[in-house]
Amino acid sequence: MVITNKLLNGNEKYEDEELIAQRHYVVFGDQDDLTPLAESNPKQISVEGQKYSPQYFESLKQKFGVQPPKDAKWKFNWQGPGNRCWCHNRLNKNNNICSLCKKEWDY
Ligand SMILES: [Zn+2]
């Protein structure tokens, strides 16, 4: 998923050049095929028309960066079976899904 810059006001051409200078990439996750490139300006991130603050994505990175305990037999995932989601719901069955974690993971 590509997160695009939204130009909110002012001279578009000027802001465009500003944004290119400020552009940076944020990598979520560690699997290449699941890694979206996110473009953002420092104040705002837009995903499919909805706006999120960079702090929100920072909190998501922390949430999904958590590792299970070393002796755990389960892994963090948003779907079962045998996993737990990041809000610590137990997803023991095949069709257990945490829709919140799925939605946030997709970002
Ligand atoms: Zn969850």
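Along each chain, the written sequence defines residue order, and numbers are assigned to residues from 1. Local features in this predicted model are restricted to residues whose pLDDT is 70 or higher, and side-chain atom pairs enter the listing and the counts only when it is 80 or higher, whereas totals over whole chains, interfaces and linings include all residues.

Caption draft 1: The confidence of the model for the chain, seen in detail. Values of pLDDT, the confidence the predictor places in each residue, fall between 0 and 100. Taken as a whole, the chain shows an average pLDDT of 74; of its residues, 60% reach a score of 70 or greater. Within the model, the stretch residues 7–11 combines pLDDT values under 50 with three contacts to residues more than four positions away or in other chains. Note on contacts: each residue gets a C-beta atom placed from the backbone, and two residues are in contact if those atoms are within 7 Å.

Caption draft 2: Main features of the sheet that holds strand β5 (residues 75–76). Should DSSP find at least two bridges between two strands, the strands are regarded as paired. Numbering goes from the N terminus for both helices and strands, where a helix is a DSSP run of H or I of at least four residues and a strand is a run of E of at least two. Ordered by their spatial adjacency, three strands build an open sheet running β5-β6-β7, and the pairing between neighbours is mixed. Looking along the sheet, the strands with just one partner apiece sit at the ends: β5 and β7 (90–91). Sheet topology places strand β6 (residues 83–84) next to β7; two bridges connect them, and they run antiparallel. In the sheet register, Asn83 faces β7, and the bridge partner there is Leu91.

Caption draft 3: Fine view of unusual backbone geometry. The peptide bond linking Gly80 to Pro81 adopts the cis configuration, its omega dihedral lying at 0°. Structurally, the position occupied by Pro81 is in the loop between β5 and β6. A positive phi is found at His88, a non-glycine position, where the angle reads about 65°. Note that His88 resides in the loop between β6 and β7. On the neighbour-count criterion, His88 (8 C-beta atoms within 10 Å) is exposed. Partly exposed residues are those falling between the two cut-offs: more than 12 but fewer than 20 other C-beta atoms within 10 Å of their own, whereas 20 or more means buried and 12 or fewer means exposed, with C-beta atoms placed from the backbone.

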